[in-house]
Amino acid sequence: STTYYWRVLARNSCASASYSSTFSFTTSSCSTIMSADLPKTLSSSGTPTTTSTLSVSGISGTISDVNVTYLVGTHSYIQDLTFWLTSPAGTNVQLFSQICGNVNNFDLDLDDEAASGTLPCPPTDQQSYQPSGSLATLDGEDPNGTWTLTIQDGADQDGGQLTNWGIELCVNPPSNCTAAAVVNNNVSCNGDSDGSATINPSNGTTPYTYNWSNGGNKQTENTLTAGNYSITITDAGSCSQVATLTI
């Protein structure tokens, strides 16, 4: 992952303004983890539920994107099947359910950002499709722990085998955010409410949220009265810092 910083300067033929505060963003770090407990038999007897797991460890940061990759297996009459992904935090996302009818087998990827949510029949073209549920609901969770793929078979007789699956995990790395408060204007007179101040975050992952002790939620707050203020900034990676100022 890499952090990029920039500032903005407004300039025209008449004059130049001051540089803005510093903004930043951090690129995500991605890795692919494959299940190692395969193959799994999809029984042709009854209406079985089959699970396969994979373990993730040693990844710092929070999830920014999850994709299911190389989901491959055999099964006659694929309309019997419903697929779920469960995160280590216990969040369930339906991948697809009872599609296509009397066709066989599966070989595809699932990605919220895929071009289409309409899966082919049979879904064996090794392309990427949007899942029926939203994998984005996993964003912000800890990626470490046990991930579970669950296949529910809703009918007797037909069976097959899960031969491969994995996940691509992208994370927002932990940040070391900082915050500095700047008083733009003190109040003109005692009792006035025309003070102004700005909180400048840096070294974090955008976007930031702002929580002022007077209830404000903007980077710059105007109409401030005389007094002491504390401002908590929180970045996209859940790093928080508190800055204080006096108007």
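The structure contained in this document is the topic of the report that follows. Being a predicted model, the structure only gives us computed values, none of them experimental.

## Focus: the overall build of the protein
- On a plain count of helices and strands, the protein comes out with zero helices and 18 strands.
- Radius of gyration (C-alpha) of the protein: 26 Å, far over the 18 Å computed for a compact globule of 247 residues.
- Taking as baseline every contact in the protein between residues at least 6 positions apart, the subset at least 24 positions apart corresponds to 62%.
- Summing over all exposed atoms, the protein offers an accessible surface of approximately 12,200 Å²; the carbon and sulfur share of this is 44%.

## Observations concerning the state of the cysteines
- The full count for this structure, using the stated rule, is three disulfides.
- Here Cys-30 connects covalently by a disulfide to Cys-170, the sulfurs 2.0 Å from one another. Taking the sign of the S-S torsion, 110 degrees for the link of Cys-30 and Cys-170, the bridge is right-handed. Residue Cys-30 is located in strand 3 (residues 29-34), and its partner Cys-170 is located in strand 12 (residues 160-172); the two are separated by 140 residues in the primary sequence.
- Residue class for Cys-30 comes out partly exposed when judged on its relative accessible area of 44%.
- For Cys-170, a relative accessible area of 8% puts it in the buried group.
- Here the cysteine-cysteine linkages of the protein are recorded as 1-4, 2-3, 5-6, numbering only bonded cysteines and doing so in sequence order.

## Some details on the packing of aromatic side chains
- Under the counting rule described, the total for this entry stands at two aromatic pairs.
- Relative to Phe-106, the ring of Phe-83 lies with its centre 5.0 Å away and its plane at 75 degrees, an arrangement referred to as edge-to-face. Placement of Phe-83 in strand 7 (residues 81-86) and of Phe-106 in strand 9 (residues 106-110) is noted, with a sequence separation of 23 residues between them. Of the two residues examined, Phe-83 and Phe-106, each falls in the buried class.
- Three or more aromatic residues joined by ring pairs form one cluster here, namely Phe-83, Phe-96 and Phe-106.
- A cation over an aromatic ring shows up here: Arg-7 above the ring of Tyr-19, its NZ or CZ 4.2 Å from the ring centre.

## Overview of the pattern of salt bridges
- This model, assessed by the stated rule, comprises one salt bridge.
- Lys-40 serves as the salt-bridge partner of Asp-37, at 3.8 Å between the closest nitrogen and oxygen.

## Quick notes on the nonpolar core
- Within the largest apolar cluster, 32 residues are counted, with the highest numbers of intra-cluster contacts made by Leu-71, Leu-85 and Trp-147.
- Going through the elements one at a time, strand 5 (49-56), strand 6 (62-75), strand 7, strand 8 (92-97), strand 9, strand 11 (145-153) and strand 12 are the ones with two or more residues in this core.
- In terms of residues, this core owes the most to one element, strand 12, which gives five residues.
- Apart from the residues within four sequence positions on either side, Leu-71 is in contact with Phe-83, Phe-96, Phe-106, Asp-107, Leu-108, Asp-109, Leu-110, Leu-149, Leu-162, Asn-164 and Trp-165.
- If you look at the next biggest cluster of nonpolar residues, it comprises 15 residues, including Val-187, Tyr-210, Trp-212 and Tyr-229.

## Some words on the sheet that holds strand 8
- Judged by pairing direction, the sheet is antiparallel, and its four strands sit side by side in the order 5-11-7-8 without closing on themselves. The strands lining the two open edges of the sheet, one partner per strand, are strand 5 and strand 8. Taking the axes of each pair of neighbouring strands and ignoring which way they run, one obtains an average angle of 20 degrees across the sheet.
- One ladder, built from five bridges, connects strand 7 with strand 8; its direction is antiparallel. Among the inter-strand pairings, Trp-84 is bridged to a residue of strand 8, identified as Gln-94.

## Quick notes on the sheet that holds strand 13 (residues 178-185)
- Taken in spatial order, the three strands line up as 13-14-16 in an open sheet, and their pairing is antiparallel. A single partner strand is all that each edge strand has here, and the edge strands are strand 13 and strand 16 (220-224). Between one strand axis and the next, the sheet turns by 20 degrees as a mean value, whatever way the strands run.
- Both strand 13 and strand 14 (residues 195-202) contribute to a ladder of seven bridges, which runs antiparallel. In the strand pairing of strand 14, Ala-181 is matched with Ile-199.

Basis of the calculations
- Residues numbered from 1 in each chain as written.
- Predicted model: local features only at pLDDT ≥ 70, side-chain atom pairs only at ≥ 80, totals over all residues.
- Heavy atoms only, no water.
- Helix = DSSP H or I, 4+ residues; strand = E, 2+ residues; numbered from the N terminus.
- Rg over C-alpha atoms; globule rule 2.2 N^0.38 Å.
- Contact = heavy atoms within 4.5 Å.
- Areas by Shrake-Rupley, 256 points an atom, 1.4 Å probe, with all protein chains shown as cover.
- Disulfide = S-S within 2.5 Å.
- Buried < 20%, exposed > 50% of the residue type's maximum accessible area, 1.4 Å probe, protein only.
- Phe/Tyr/Trp six-rings, centres within 6.5 Å; stacked < 30°, edge-to-face > 60°.
- Lys NZ or Arg CZ within 6 Å of the ring centre and 35° of its normal.
- Salt bridge = Lys/Arg side-chain N within 4 Å of Asp/Glu carboxyl O.
- Core = buried A, V, L, I, M, F, W, Y, C linked by side-chain atoms within 4.5 Å.
- Pairing = 2+ DSSP bridges.
- Axes fitted to C-alpha atoms, helices over the stretch in contact; angles between N-to-C directions.

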